[in-house]
Amino acid sequence: MAEIRHNKEEKKFILKVDGEESKVEYEYKEGKMFLIHSEIPEKLRGKGIGKKLVLETFEKLNEEGYKAVAVCPYVKHVKSKDAYWNKIIE
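Here's what I pulled together on the structure shown here. (Residues numbered from 1 in each chain as written. Predicted model: local features only at pLDDT ≥ 70, side-chain atom pairs only at ≥ 80, totals over all residues. Heavy atoms only, no water.)

This part is about the side chain of lysine 60. Positionally, lysine 60 belongs in helix H1 (residues 49–64). Buried charge lysine 60 goes without a salt bridge, the closest partner of opposite sign being glutamate 63 at 4.0 Å. Setting aside chain neighbours within four positions, we find lysine 60 in contact with Ile4, His6 and Phe13. (Helix = DSSP H or I, 4+ residues; strand = E, 2+ residues; numbered from the N terminus. Buried < 20%, exposed > 50% of the residue type's maximum accessible area, 1.4 Å probe, protein only. Lys, Arg positive; Asp, Glu negative; His and termini not counted. Salt bridge = Lys/Arg side-chain N within 4 Å of Asp/Glu carboxyl O. Contact = heavy atoms within 4.5 Å.)

Both strand S2 (residues 12–17) and strand S3 (residues 20–29) contribute to a ladder of six bridges, which runs antiparallel. Directly across from phenylalanine 13, in S3, lies its bridge partner valine 24. The turn linking S2 back onto S3 is made up of two residues, and aspartate 18 within it adopts a positive phi angle of 50°. When S3 meets strand S4 (residues 32–39), the two strands line up antiparallel, connected through seven bridges. Bridge assignment links lysine 23 to a residue of S4, and that residue is glutamate 39. Where S3 folds back onto S4 in an antiparallel hairpin, the turn is made up of two residues, including glutamate 30, whose phi is positive at roughly 55°. (Pairing = 2+ DSSP bridges.)

In structure tokens, the structure reads:
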């Protein structure tokens with residue numbers, strides 16, 4: 001499985017699996033990334049790709065030194081499952 005990529009120009013984190021692009025989109029304001037939308041292609045759903053996408057996005061944010069705010073309901077859900085992320089994700 002591919003590694004997550006941060007596309008700063010398009011303001012999204014991308015995970016390509018089987019030629020399909022899953023993504024977490026964000027807006028950058030007030031010194032934070034607001035994670036506003038996540039999307040998994042239909043044919044990849046139900047395989048754990050969404051959770052992997054969000055967790056790898058969190059890891060990338062941590063690596064790159066960003067703070068973020070979970071706006072997307074799914075991103076909020078994944079964050080709520082592990083208090084570890086509370087230090088970088090509001």
